Amino acid sequence: MTHDRYALVSRAALIAALDLVLGLFLCLSAGSARADAGTLASSDHLWLVWIGIAGILVFFMQAGFALLESGLARAKNTVNVLMKNFCDTATSTLGFWLVGYGLMFGANPSGWLGTSNFAMQSQDGMQMMNLFYQVMFAATASTIMSGAVAERMRFAAYLIGATVTTLLIYPVYGSWVWNSQGWLAQLGFIDASGSAVVHCVGGWTALGAVLALGPRTGRFSRKGEVRDIPGHNLPMAALGAFVLWFGWMGFNGGSASRDFSDLAKILMNTNLGACAGIVGALGSMYLMRTPILMTRTLNGALGGLVAITAGCKTMDPWQAATAGAIGGLLVAWGEMMLERFRIDDAVGAIPVHGVCGFWGVIAAGLFYADGPFDAERVMVQLIGAFAALLWALPLSYLTFRVIRATVGLRVSTQDEQRGLDYAEHYEVGYAEFTSAQLNDGKQS
Amino acid sequence: MTHDRYALVSRAALIAALDLVLGLFLCLSAGSARADAGTLASSDHLWLVWIGIAGILVFFMQAGFALLESGLARAKNTVNVLMKNFCDTATSTLGFWLVGYGLMFGANPSGWLGTSNFAMQSQDGMQMMNLFYQVMFAATASTIMSGAVAERMRFAAYLIGATVTTLLIYPVYGSWVWNSQGWLAQLGFIDASGSAVVHCVGGWTALGAVLALGPRTGRFSRKGEVRDIPGHNLPMAALGAFVLWFGWMGFNGGSASRDFSDLAKILMNTNLGACAGIVGALGSMYLMRTPILMTRTLNGALGGLVAITAGCKTMDPWQAATAGAIGGLLVAWGEMMLERFRIDDAVGAIPVHGVCGFWGVIAAGLFYADGPFDAERVMVQLIGAFAALLWALPLSYLTFRVIRATVGLRVSTQDEQRGLDYAEHYEVGYAEFTSAQLNDGKQS
Amino acid sequence: MTHDRYALVSRAALIAALDLVLGLFLCLSAGSARADAGTLASSDHLWLVWIGIAGILVFFMQAGFALLESGLARAKNTVNVLMKNFCDTATSTLGFWLVGYGLMFGANPSGWLGTSNFAMQSQDGMQMMNLFYQVMFAATASTIMSGAVAERMRFAAYLIGATVTTLLIYPVYGSWVWNSQGWLAQLGFIDASGSAVVHCVGGWTALGAVLALGPRTGRFSRKGEVRDIPGHNLPMAALGAFVLWFGWMGFNGGSASRDFSDLAKILMNTNLGACAGIVGALGSMYLMRTPILMTRTLNGALGGLVAITAGCKTMDPWQAATAGAIGGLLVAWGEMMLERFRIDDAVGAIPVHGVCGFWGVIAAGLFYADGPFDAERVMVQLIGAFAALLWALPLSYLTFRVIRATVGLRVSTQDEQRGLDYAEHYEVGYAEFTSAQLNDGKQS
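Residues numbered from 1 in each chain as written. Chains lettered and ligands numbered in written order. Predicted model: local features only at pLDDT ≥ 70, side-chain atom pairs only at ≥ 80, totals over all residues. Heavy atoms only, no water.

**Student:** I'm lost on the overall build of chain A in this one. Help?
**Tutor:** Per the secondary structure count, chain A includes 15 helices and zero strands. For chain A, the residues scored as buried account for 70% of the 444 residues in total. Considering only residue pairs separated by 6 or more positions, chain A has 79% of its internal contacts joining residues 24 or more positions apart. (Helix = DSSP H or I, 4+ residues; strand = E, 2+ residues; numbered from the N terminus. Buried < 20%, exposed > 50% of the residue type's maximum accessible area, 1.4 Å probe, protein only. Contact = heavy atoms within 4.5 Å.)

See below:
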C-alpha cells in the first residue's frame, strides 16, 4: 500500500520534473524564439504597467480558487485540495510557457493551431508581457476543474489531467478565438475576456472529468436520495469568493482598449455582474422555495462574473446587470440539473463556469451596446459556444478514461473515507482540532 | 416558525430584486443619463488606470470587513456576518449606481442634494471611472455598521438598513462635502478621503442602529457587570485588519493630485497613521493598566487609519504619525465609554469609525502642512464633524426604530442563543469542528 | 508572575512609544530633512504610480508572513505570532523612517554608512516614494526572523530584536549595496531586489536569534530523536504562501527599468522562480524518498522566489527556472541540515531566506542574460554573499545574547507548554474550538 502511494506521488513529481527538463532543452535549442527587443513607444509604458498589474490580479485568483474549493470540501481533504491548486500553478506556468503559448498565439495559418513561439525567450517587452498575462489565464482555466473532482481523485491523476488541459485542450480552443488568425476570430466571435476560452473550457473539462470519475461515495444513495456534503470552513469559502471577485477586475480589466476609455465601463460591468449574480441567486432560491444558502449565493456572484466576461467590453451597465442576474439564476438551475442526473460536482464549478460561460457567450451577442438585435452575431456566438462544448467535453472525458485505464484515476473507497490528506499527503489540515467526522454513507 | 423565517428571507430577496428591477427600468427610460463620450487627453490615461486600481483596492476592503467582523463574532454567527458583508456589496453597488450617485454627485444648486446622473450609462470614461470608484466608497460606508450590530439583528432588517444608508444617509451627507456645490465644500471643509463622509457617517449610523437594537443577551448583567464575548477566530480578524490596511492605500491614494506629486506622501501618511495607531493603542493599554490585547491593537491600527484619512493629502508625515497615535488612544477610550454607557458594539466599529473619524476631521484642521494654527479652519472642521453626527445618528436611529416597528429588528432570544446561522441561514460556518459553546448568560 | 508579565509588555509598549517620541522630536528639529519639492517630468508620473503599487504589494507580504507563520505554529501560540507580525510592521515603519532610511540611503562618503535624510519630511514626490517603498522592504527584512523564533521567544524580546534589525543590521548592510556610494555597489555587486539585502540579512538574523534562543522544548530528545511539530492550520499557511507570491510581484517588479521594457521579464522570472521552486521541492522529496509534504512544497515556492530575486532583472526565463528549481532543492537540503545540527527553525525561514538568498546571489552572477561565464562577476557576488553572512549572523547572535542577559529572551518552560497566547497575551486564537493539545515532550 505504502509502496503504491510512493509510486503515485513519484509519478506526479516525474511529470513536473519532465516539464522542466523539457523546457530547458527547448529553450537552449530554440534560438528562433529569441526575438530582438522591439522599440517601445511612450504610450506602451502605461500599457505594460497595467497589463502587469492585471496579470498579478489574475494570479491571485489561484489563491481564491484554493480557498473556495478547500472551504467547500471536508476537513479531511483540505491539504489535497490546496496542494492541487498550488502545484497546478506550477505545471500550468511551465507547461503553458513551454508549449501552450505557442499553440495558442503562434503563427496560425490554418486557423486551427499555432505553431511557433514555444518556450519564448523574447526580449520584446510587449510580447513578453502578453506571455505573462496569458500564463495566468491558462492557470485559471486548468484549475477550474480541481474543485469539481475534489475528495476522490488521485493527486497524480489530477496533475496529469491539468497538464493535458494546459498543453492541449485550453490552448487549441484558445487559438481559434484569441489568435487573430483563428477561425472563430475570423468569424467575428466575441469573447473579450474568456467566458468561452477560459470558463466554458474549464467547466466542460470539469464535466468530462466528473463523468469519468463518478460521484463521491455516499453522495447519491441507491434509492435515489441526494445527500448534501457540507463544506468544513465556510469563512474560507467566502474569502475565496471575495478574492476571485477582486482578481476578476484584472481578468476583465486587461481587455481595456489602449486608450483606457472603456476601462471604467469594464470594471463597472464586472462589479455589476457579480452583484446582480448575487441578486439572481437570492431570487432563484426564493422562487424555488429553497433555503437562502450562503454557498449558493457565493456561486451566484461567480456565475454573474462569468456571464459578463465575454461582453464586459461591449455591454452597457444595465446589460451587464441583466446578464449577471440571469447568471445567478442559472447557477441554481445548473446545480439542480446536476443533482437530477446524479452528477457530483463538489463545489458547483460546472454550473458556474460551464453553464454561465455558455450563457455569457450568448449574452455577449444579445447585448451589444446600443446595437439592435443581430441574428448573425448571435449565431456566431452559438457556434463558438457549442465549439467549446464539443471540443472540451469529449476530449476531457477521453483523457480521464485513459488515465483511469493506466495510472488510475480514483482513490480506494477506504482512502476516500479516511480522507485524501492522510492517504496521499501525510499531512492534515488541522492537526489539533477534533473533528466531528462526517459519515460517508457506509461507515465512519 | 419556519414559515416566519421564510417570510424574513423572502423580504430580503424581494428588496434586492426590487433594486434590480427599479434599476433596469430607470436605465431604459433615463436617456438623459447617457452622455456622449468625452475626449481623453493623454494625461487622462494614467489617471484612469490609477483610479481603477485604487477602486479595486477599496473593493477588497469588503473582504477585510467580512474577515474582521466574522473573526470577532462567535462561531455560531459566522455565516450571518459573512452573508451580510457579501450581500451588502450587492445592494450598495446597485443602490448607489441607481440612486445614490445622483444624489451625491448630480447637479446640486441648493448645496444640499444632487438631482441628476441617476443610473448612469455614460460613455465618458472619466465620469464612469468616478462612478466605479465612488460605488466602492458607498459600499464601505454602508458595511461599517454590520459589525456593530452583529449576533442579534435579523438579516432582512440589516439589508434594509444598509440600503437606507446607501440610498439616503450616505449620499446626502456626501453631497454636502464632495459635491463641489455642497454647502460644506463651499465653506472649505477638508475631508480628502472621507474621515467624515465615510467613517463618521458609517460610525454614527452604527451607533443609531445599536441604540435601537440593544445589547446582545448576556453582555451586561443586571448587576452592572460587563461580560467580554471573545471572538471565535482571531487569525481571521488579524487578516481582516491587514486587508483593510492594504485596501486603505487605495482608499486614500485615490485622492492624489493629477500629477501624482503627493501620492508618496499620502501613502506614507496612511502607513504612518496605522503604525502610530498601533503604538497609541499599545500605549493606552499600558497607561490604563489593562492587558495588551491583540483585538484592541488591531482596532488601534484601524483608528489610526481613520484619523489620517481626512488630512492624508495635507498633513506632513510627523503630523500623520501624531494624529494616528491619538486615534489609537481614542479607540481604547471609546471602547471604555461604550461599556460605561452599556452600549454593545460587537467589534468596536463605533470608536474606530465614529470617534476616530470625528478626531480625524479636527486633525485635518489642526495639522495643515506647514501652515500656522487657523481658528477659522478648525471651526469649519468642527461644523462638518457635528453635521455628520447630527445627520447620521438621529436618522439611523429613526430608520431602525421604524424597521423594529414594522418588519422586526431583532431575532428572538432563543434564536440568538442557538446562533443566527442555524436560525436564519440553514448553514453553519464549521460543520465538522466541535465547538465549546459559549454561554449567553442564561443557558447553553 | 502577573506583575512580571506586565513588566514585559510594558517594556514593549515603551519601546514603541519611544520610537514615536524620538520621531516627533527629530522631525520638528531636523529642518535639514525638509527638502523642497522637485519638478516632476511627465514620465515620472507613471513611475510614481507603479512604485506606489509595488510598495502596496510588498506591504501585503506582511499579511503573508503572518498567515504562513501562524499556520505553521501550534494553536496555542497563534495570537503571539500574529501580534509579532502586526506590531513589527509598526516598529519597522517608524524606526526605518526615523533612522534606518538615513543610514541606508543618506550621503555615504565612506561607503559603509549613510549619514543624512533621517525622519524625512521631503516635499519631493520621487524621494518620498522611494522612502515609502523602502520602508516596506525594511519591514519584510525584519519580520523574516519572527517565524524562526516562534513558540518560545518573549514578545518584548522579539520586538527589541526586530527593532535592532530595522535600525542597524538591515540598513547598514543595505547601504553597502543599494546606496550608490556603497562599497559593494562600487564593486558592481548585483542584487536587484534583495536576495542579499533583504533575504540573506533576514535569514542570517534568524539563524543568530535561533542559536541564542535554543530549540522548542521537546523538538529534539536527549537520545537524538527529532520530533516534528505539525502546524495547526495548513490552509492558513497555504494562503500565506500565495499572498507572499502575490506580493513578490511588487517586490521584484519595483526593480523594473524606467521605460518598463523589462517589467514583463521580471514578472515572468518571478513566477517561473516560484513554479520551478515547487518542482524542485517535489523532486527533492522524491529523490530523498521522503513523503511529499505540502509544507515543504510551500517553502519550495518561496525558496525559488528568493533564488531569483537578485537576478530577476538580468536573468533569462530559462535561467530563472533553473535558479528557482535549485532553490526548491536547497530548501529541503537546508531543512535537513538544520535538523542534523539540532537547530530549531519553527517555519523553515533560515533555509528559505538564508540558504536560498545565498544561492540567489551566486545565481545572479552565474546567470547573466546571454553573457558568458565571468569569474570576476561571480567572485564579487561571493564577496557580497559572505559579507551578509559575516555581518548579520554574529551581530544578531550578539544582540540576542545581550537581550537574554538583560530583559530576558525566552519564556519559562511552563509558559511554553501552556502557550504564549495565554502567558503573554490574555487572548486565544480560537476561543470556542476544543483543541487536541499536542504534547511538548514532557507533560500536557
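After that view, the rundown keeps rolling.
**Student:** What's the story with the interface of chain C and chain A in this structure? I'm lost.
**Tutor:** In many reports, interface size means the accessible area that the parts give up when they come together. Contacts between chain C and chain A engage 60 residues on the former and 61 residues on the latter. Here chain C packs against chain A, burying approximately 5,300 Å² in sum over the two surfaces, 80% of which is carbon and sulfur. Counting across the interface, chain C meets chain A through zero salt bridges. Summed over the shared surface of chain C and chain A, the result is five residue pairs in polar contact (both at pLDDT 80 or more). Going through the elements one at a time, α2 (42–72), α8 (234–253), α9 (263–287), α10 (294–309) and α11 (317–340) of chain C are the ones with two or more residues in the side of chain C that touches chain A. Looking at the side of chain C that touches chain A residue by residue, the classes come out as 43 nonpolar, 11 polar and six charged. (Buried area = accessible area lost by both parts, 1.4 Å probe. Salt bridge = Lys/Arg side-chain N within 4 Å of Asp/Glu carboxyl O. Polar contact = N/O pair within 3.5 Å; in protein donor to acceptor, adjacent residues only side chain to side chain. Nonpolar A, V, L, I, M, F, W, Y, C, P; charged D, E, K, R; others polar.)

**Student:** For this particular structure, what's the right way to read the relation of the copies chain B and chain C?
**Tutor:** Comparison of the two chain copies shows a relationship of rotation about an axis with a shift along it. Least-squares fitting of chain B to chain C yields an RMSD of 0.0 Å, with the superposition described by an axial translation of 0.0 Å and a rotation of 120°. Expressed as a symmetry operation, the mapping of one chain copy onto the other fits a three-fold axis. By residue overlap, the copies meet through two different surfaces: only 13% of the interface positions of chain B are interface positions in chain C. (Least-squares fit on C-alpha atoms with pLDDT ≥ 70 in both.)

**Student:** Would you take a moment to explain the relation of the copies chain C and chain A for this structure?
**Tutor:** You can overlay chain C on chain A at an RMSD of 0.0 Å; the transform is a turn of 120° with a shift of 0.0 Å along its axis. Looking at chain C, a mere 13% of its interface residues are interface residues in chain A too, so the copies touch through different faces.

**Student:** Sorry, what's going on with the packing of aromatic side chains here?
**Tutor:** Each aromatic ring pair is characterised by the separation of its centres together with the angle its planes make. Overall, the coordinates contain 78 aromatic pairs over all chains when judged by the stated rule. A centroid spacing of 6.2 Å and a plane angle of 85° characterise the contact between A:Phe60 and A:Phe246, whose relative ring orientation is edge-to-face. Linking A:Phe60 in helix α2 (residues 42–72) with A:Phe246 in helix α8 (residues 234–253), this pair joins segments that are 186 residues apart in sequence. The exposure class assigned to A:Phe60 is buried, which follows from its relative accessible area of 2%. Seen from their ring centres, B:Phe242 and B:Trp245 are 6.3 Å apart, and the 15° between their planes marks the pair as stacked. On the criterion of helical spacing, the pair formed by B:Phe242 and B:Trp245 is a turn pair, its members being three residues apart in helix α8 (residues 234–253). The buried category is assigned to B:Phe242, whose relative accessible area is 2%. A relative accessible area of 1% means that B:Trp245 is categorised as buried. Among the aromatic residues, ring-to-ring pairing joins A:Phe60, A:Phe246, B:Phe60, B:Phe246, C:Phe60 and C:Phe246 into one connected group. Between A:Lys84 and the ring centre of A:Tyr158, over which it is positioned, the NZ or CZ distance is 5.0 Å. (Phe/Tyr/Trp six-rings, centres within 6.5 Å; stacked < 30°, edge-to-face > 60°. Lys NZ or Arg CZ within 6 Å of the ring centre and 35° of its normal.)

**Student:** Would you mind showing me how to read empty space enclosed by the protein here?
**Tutor:** A probe as big as a water molecule, rolled over the atoms, marks out the empty space that is left. This model, assessed by the stated rule, comprises six cavities of 30 Å³ or more. Approximately 270 Å³ is the volume found for the largest cavity. Considering the residues around the largest cavity, the lining is formed by 21 residues, among which A:Asn233, A:Met236, B:Asn233, B:Met236 and C:Asn233 are closest to the centre. Elements with a minimum of two residues in the lining of the largest cavity: α8 of chain A, α8 of chain B together with α8 of chain C. Here the lining of the largest cavity is built from residues that sort into 18 nonpolar, three polar and no charged. One number sums up the size of the second largest cavity: a volume of about 130 Å³. Lining the second largest cavity we find A:Ile53, A:Ile56, A:Leu57, A:Phe246, B:Ile53, B:Ile56, B:Leu57, B:Phe246, C:Ile53, C:Ile56, C:Leu57 and C:Phe246. (1 Å grid on protein atoms, 1.4 Å probe; cavity = no way out; pocket = protein on both sides within 12 Å on 5 of 7 lines; lining within 4 Å. Points joined across faces, edges and corners; volume = space filled by probe spheres on them.)

**Student:** Can you walk me through unusual backbone geometry in this structure?
**Tutor:** Here B:Ala369, not a glycine, exhibits a phi torsion of approximately 50°, which is positive. Assignment of secondary structure puts B:Ala369 in the loop between α12 (349–366) and α13 (375–405).

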